Amino acid sequence: MQPPDVIEYKVGPLNALTNMVAEQLIKDGVININRRPNDEMENYELFKFINITLHVPGLDSLLRESFDSASFGNNISVMFYQLPTVNANERISHMNLYLQIDDEGEGDASLRLLPISCFVHHAGTNVANWKASDWYYASQGPFYSSEDLNDAYGLGTLRMVRYPKGYIKQHTNEFNVRKDDTMPERDFSNIPPPRTYTEHGKRYKINGYKITYLGWQFEFSLHPVRGPVIYDIRFKEHRIAYEISLQDITLLYHPGSNGYGPLTLTDTAFLLGTGSREPRPGLDCPKWGNILDVNGTFQWYHVGPWAGVCVFEADGQRALWRHRARGMVDYFLVVRTILTLGNYDYVVEWEFHVDGRIETMLTASGYLFGSWDDGLYNSSMFGFRIGDFLLGPIHDHTYSFKVDIDVLGIQNSFQTLTWEAGDINAAFQSDDRRTFSGNNNMFYFNQTRFIRDTIYQNETSVVWNPHQPKYYMVVNERERNKWGSLRGYRIVPYSTEQEILKDHPLLTRGII
Ligand SMILES: [Cu+2]
């Protein structure tokens, strides 16, 4: 029998709601089963596995003594975060305990971490082969097993952590963020805020997942692992892009103790778990907007359609352009999805402006992931203390998008435009198709600035440097506008951040 593996299928064609065809994209056996994303059945087995390991006689009194009489299964729970591995035969998760003391669980799993952890090795599909290793208690270890940790506790060799008595009672529900009625109201806050409405109907049309709006046309889809996608994007009948899609949300955390959650996350993997959420009318979808169903999956199982994307026309309430008595308002169509991935809510949206510009936006809110901090061993080089035993560690969210541009066909090239400073002669000599026949003296300044454009023949990566601005463009070398310039689209990065880490193994190896 073939060993279990991972296969990806292409399903289409677009907007065909019936008679779809599935085509296998990757050959059997190419992707090792250990490379699959987060898996709920496996989580269930992990909980069962660790449950047995944690119910070691004596460990219970270690927990009670450390954490204000808390106990596992009562107000202590467990979390697992998968770690990146180089070897495909490995599948390792970091196990961490946390206090579960909020009625609604808000913030518990990401903020109330406890400093008891281990690694669980759970490669393959045979649970009997799984094992736990590297137990730590308040950054002391590693202990080979939970029994060894328990023995150290019994011998009195552990440096103990002791939460103050009454800690749990005092902190219960403190992370349930809601309006504080004891605070004074702000002036005029009792008056309803401004509202936009569509007086004479909508200016966009939705047919299945095909959306049209003032010359725009595209199709929306939701990939079960990677998230929202728009396909076949056309402006005034012309194809601009085949696909613009979220590929991954990568997080790198840098905790200062063994009590931490994820070290690295490819957050979109959580789509298979909690996944896409309904945009809420009045909060992130205007009441006049349309909410479309998406194909819902939960942990690989199809669970039928659920409301997952909001479409509406926004009043930008600013000028797209203006000059004296003339001008045009910046109205745009918004396609917005909400991804609630664990402690974060990501809002992914595309804006289609009437001037032919598309903006891809991604924002994050929710609860941050903390790490345990005892306040004794000042680990403030890793972040800021934000509570008792709690550090908000520095981390970053990197959003990767695939942008498959097709400007007037698929024969496209990548072009960059840079500026150089130099004297007049250097400027004219920079383009060997031209010769300068004028007199240098006609320029009041001899120093000038000139453009250099490059069309890349080979695939390459680009490093964005705000100190050396560059225009990135995808152009069609066979299509020119009436003034002779190549037709294309410019890619404008909005991020102002530079490279996040120089030598992080995850970034340098390029593996997950
Ligand atoms: Cu964050």
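From a predicted model like this one, the values you see are computed outputs, not experimental measurements.

(A) Summary view of the packing of helix α2 (residues 59-66) against helix α4 (residues 146-155). Viewed as axis vectors pointing N to C, α2 and α4 meet at an angle of 60°, and their least axial separation amounts to 9 Å. By the criterion of interaxial angle, the relationship of α2 to α4 is oblique. In this structure, α2 crosses over α4, and the sense of that crossing is left-handed. In contact with Leu59, Ser61, Leu62 and Glu65 of α2, α4 contributes Ser146, Leu149, Asn150 and Tyr153. Taken together, the residues of the contact of α2 with α4 break down into four nonpolar, three polar and one charged.

(B) A look at the packing of aromatic side chains. Within this structure, the stated rule accounts for 21 aromatic pairs. Judged by centre distance (5.5 Å) and plane angle (45°), the ring pair of Phe414 and Tyr456 falls under tilted. Taken together, the residues span a long stretch of sequence, with Phe414 in strand β26 (residues 413-423) and Tyr456 in the loop between β27 (447-455) and β28 (470-480) at a distance of 42 residues. The class for Phe414 is partly exposed, based on a relative accessible area of 24%. Pairwise contacts between aromatic rings join Phe67, Tyr163, Tyr167, Trp372 and Phe389 into one cluster. Across the ring face of Tyr331, the terminal group of Arg203 is positioned such that the distance to the ring centre comes to 5.1 Å. If you follow Arg490 out to its NZ or CZ, it ends over the ring of Tyr471, 3.4 Å from the centre.

(C) Quick peek at α4. Listed as buried for α4 are Ser146, Leu149, Asn150, Ala152 and Tyr153. Taken end-on, α4 shows its buried residues confined to a sector of 155°, consistent with a single buried face. More than 90 degrees from the buried face of α4, the exposed residues found are Gly154 and Leu155. Turning to α4, the residues buried within the fold contact α1 (40-54), α2, β8 (131-137) and β9 (140-143). Downstream of α4 by one or two residues, Gly156 has phi in the positive range, about 75°.

(D) Up close: α2. Where α2 is concerned, the buried positions are Leu59, Leu62, Leu63 and Ser66. Buried residues in α2, looked at end-on, bunch into an arc of 95°, giving them a common side. Next to the buried residues of α2 lie α1, β5 (76-83), β6 (92-99), β7 (113-121), β8 and α4. Phi for Asp68, located one or two positions after α2, is positive at around 55°.

(E) Quick peek at the UniProt feature "modified residue: 2',4',5'-topaquinone" (unreviewed entry) in the protein. If you check UniProt for "modified residue: 2',4',5'-topaquinone" (unreviewed entry), the listed places come out as Tyr344 in our numbering. Here Tyr344 shows up in strand β20 (residues 344-353). Exposure remark for Tyr344: the relative accessible area of 7% places this residue in the buried category. In terms of polar contacts, Tyr344 uses its side chain to reach the side chain of His395, at 3.1 Å.

(F) Local environment of the coordination of the copper ion. At 1.8 to 2.0 Å from the copper ion lie its protein donor atoms, namely Tyr344 (OH), His395 (NE2) and His397 (NE2). Ordering the donors of the copper ion by residue number gives the pattern Y-x50-H-x1-H. Taken together, the residues Tyr344 in strand β20 and His395 in strand β25 (residues 395-405) connect sequence positions 51 residues apart.

(G) Quick look at the domain arrangement of the protein. Considered domain by domain, the protein is made up of domain 1 (1-30), domain 2 (37-171), domain 3 (204-319 + 326-406) and domain 4 (413-491). In this assembly, four residues from domain 1 lie in contact with nine residues from domain 3. When the two sides are added together, the surface that domain 1 and domain 3 hide from each other amounts to roughly 500 Å², 54% of it contributed by carbon and sulfur. Looking at the side of domain 1 facing domain 3, the largest losses of area belong to Glu8, Leu14 and Asn15, adding up to 86% of the total buried there.

(H) How the structure looks around the side chain of His353. Looking at the element boundaries, His353 is found in strand β20. The exposure class of His353 is buried, given its relative accessible area of 0%.

(I) Broad picture of a nonpolar patch on the surface. Among the surface-exposed residues, Tyr9, Val11 and Met20 lie close enough to one another that they form a single nonpolar patch of about 310 Å² accessible area. Tracing the chain through its elements places Met20 in the loop between β2 (9-12) and β3 (21-24).

(J) The pattern of salt bridges, seen in detail. This structure, assessed with the given rule, holds 22 salt bridges. Arg162 serves as the salt-bridge partner of Glu65, at 2.8 Å between the closest nitrogen and oxygen. In this pair, Glu65 is assigned in helix α2 and Arg162 in the loop between α4 and α5 (167-171), connecting sequence segments 97 residues apart. Notably, a salt bridge pairs Glu185 with Lys179, separated by 3.2 Å at the nearest N-O pair. Of the two residues, Glu185 and Lys179, both sit in the exposed class. A cluster of three or more residues bridged by salt bridges with shared partners is formed by Arg318, Asp330, Asp355, Arg357 and Glu359.

(K) Local environment of the nonpolar core. Counting 38 residues, the largest nonpolar core has Ile50, Leu97 and Trp135 as the members making the most contacts within it. Those elements giving two or more residues to this core turn out to be α1, α2, β5, β6, β7, β8, α4 and α5. Excluding anything up to four places from it in sequence, Leu97 contacts Leu54, Leu63, Phe72, Ile76, Ser77, Val78, Arg112, Leu113, Leu114 and Ile116. Among the nonpolar cores identified, the runner-up in size contains 37 residues, and Met79, Ile230, Phe235 and Leu292 belong to it.

About the criteria used
Residues numbered from 1 in each chain as written. Predicted model: local features only at pLDDT ≥ 70, side-chain atom pairs only at ≥ 80, totals over all residues. Heavy atoms only, no water. Axes fitted to C-alpha atoms, helices over the stretch in contact; angles between N-to-C directions. Helix = DSSP H or I, 4+ residues; strand = E, 2+ residues; numbered from the N terminus. Parallel < 35°, antiparallel > 145°, perpendicular 65-115°, else oblique. Left-handed = near helix turned anticlockwise from the far one by under 90°. Contact = heavy atoms within 4.5 Å. Nonpolar A, V, L, I, M, F, W, Y, C, P; charged D, E, K, R; others polar. Phe/Tyr/Trp six-rings, centres within 6.5 Å; stacked < 30°, edge-to-face > 60°. Buried < 20%, exposed > 50% of the residue type's maximum accessible area, 1.4 Å probe, protein only. Lys NZ or Arg CZ within 6 Å of the ring centre and 35° of its normal. Arc of directions from axis to C-beta. UniProt positions renumbered as here; feature names shortened; annotations may be inferred. Polar contact = N/O pair within 3.5 Å; in protein donor to acceptor, adjacent residues only side chain to side chain. Donors = N, O, S within 2.8 Å, 3.2 Å for Na, K, Ca; no water. Domains from an automatic or database assignment. Buried area = accessible area lost by both parts, 1.4 Å probe. Patch = residues over 30% accessible without salt bridge, like charges linked within 9 Å, V, L, I, M, F, W, Y side chains within 5 Å. Areas by Shrake-Rupley, 256 points an atom, 1.4 Å probe, with all protein chains shown as cover. Salt bridge = Lys/Arg side-chain N within 4 Å of Asp/Glu carboxyl O. Core = buried A, V, L, I, M, F, W, Y, C linked by side-chain atoms within 4.5 Å.

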